[in-house]
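If you want the building blocks of each chain, they are given just below.
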Amino acid sequence: MKRYLVFALVGPFVGGFLLLLTTTYQSGYWTQTSLGEVGKLFVVFFKTLQYSYLFGFLPSLMIGAVDDILIHVRRIGPVLRMLLVGLFAFILASLTYGSRGPDSGLVQFVLYGLVGFVPAVVSSWIVHTYVEEPSPAAAPT
């Protein structure tokens, strides 16, 4: 239960911020922005945080379920589990947020993929570090 709580709290927060950074980069905001206007980015982030949780809650729980499934596989260590969870989230976020129009490309695929990868790996690491994990079941003889 604690695993899902960590994914539900950390995932939308980090993912929402990365999604905001990605969309501002894609729109060209950073090419015309001075350092003094960066504060507006944080204002927008905190004003839209409720929507990050509204739309990111269920996907974060789904990624947490994948992490929960992989913890029961004995041959998968914690680092490989974090990478597999991150890769799964990378692919899902890229397919969800990335467009398939004329402006699509490798940069867009990677940026939107990182929106899923980073929160999934961070959440999985927090769970591995701070939440007591069940020991894998013994193999049947």
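Shown above is the structure to which this text applies.
Conventions and cut-offs
- Residues numbered from 1 in each chain as written.
- Predicted model: local features only at pLDDT ≥ 70, side-chain atom pairs only at ≥ 80, totals over all residues.
- Heavy atoms only, no water.
- Helix = DSSP H or I, 4+ residues; strand = E, 2+ residues; numbered from the N terminus.
- Contact = heavy atoms within 4.5 Å.
- Core = buried A, V, L, I, M, F, W, Y, C linked by side-chain atoms within 4.5 Å.
- Buried < 20%, exposed > 50% of the residue type's maximum accessible area, 1.4 Å probe, protein only.
- Patch = residues over 30% accessible without salt bridge, like charges linked within 9 Å, V, L, I, M, F, W, Y side chains within 5 Å.
- Areas by Shrake-Rupley, 256 points an atom, 1.4 Å probe, with all protein chains shown as cover.
- Salt bridge = Lys/Arg side-chain N within 4 Å of Asp/Glu carboxyl O.
- Axes fitted to C-alpha atoms, helices over the stretch in contact; angles between N-to-C directions.
- Parallel < 35°, antiparallel > 145°, perpendicular 65-115°, else oblique.
- Left-handed = near helix turned anticlockwise from the far one by under 90°.
- Nonpolar A, V, L, I, M, F, W, Y, C, P; charged D, E, K, R; others polar.
- Expected span 1.5 Å × (residues − 1).
- Bend = angle between axes of the 7 residues up to and from the residue.

A. Summary view of the side chain of T24. Within the fold, T24 resides in helix α1 (residues 2–27). Beyond its immediate sequence surroundings of up to four residues, T24 is in contact with Y29, W30 and L41.

B. Seen up close, the nonpolar core. Judged by nonpolar contacts, V6, F7, V10, I63, L70, I76, V85, A89, A120, V127 and V131 together constitute the single largest core of 11 residues. Of all the elements, α1 adds the most residues to this core, at 3 residues. Aside from chain neighbours lying at most four places away, what touches V85 is I63, V66, D67, L70 and A120.

C. View of a nonpolar patch on the surface. Together, L80, L84, L87, I91 and L95 give the surface a local cluster of nonpolar side chains, amounting to about 430 Å² of exposed area. Looking at where L80 falls in the secondary structure, it is placed in helix α4 (residues 78–97).

D. Inspection of the pattern of salt bridges at higher detail. A complete count under the given rule lists 3 salt bridges for this structure. Taking the shortest distance from any N to any O, the salt bridge between R3 and D67 comes out at 2.5 Å. Here the residue R3 occupies a position in helix α1, and D67 occupies one in helix α3 (residues 49–71), the gap between them amounting to 64 residues. Across the pair, exposure class does not vary: R3 and D67 are buried alike. If you follow the salt bridges from partner to partner, you end up with R3, D67, D68 and R81 in one network.

E. Just the packing of α1 against helix α5 (residues 106–130), in detail. One way to put it is that α1 packs onto α5 with a least axis distance of 8 Å and a crossing angle of 155 degrees. Judged by the angle between their axes, α1 and α5 are roughly antiparallel. Note that α1 runs across α5; the crossing there is right-handed. Grouping the constituent residues of the contact of α1 with α5 by class yields 18 nonpolar, 8 polar and 1 charged.

F. Representation of α1. For α1, built from 26 residues, the straight-helix expectation of 38 Å at 1.5 Å per residue is met to within 8% by its first-to-last C-alpha distance of 37 Å. Where α1 bends most, the angle comes to about 25 degrees, and this point is G11, followed within four residues by the proline P12. Within the span of α1, buried status applies to R3, V6, F7, A8, V10, G11, P12, G15, G16, L20, T22 and T24. Looking at the buried residues of α1, the elements they touch are α2 (38–47), α3 and α5. Note on α1: the residue one or two positions beyond its end, G28, has a positive phi of about 90 degrees.

These results come straight from atomic positions and should not be treated as a statement about function.
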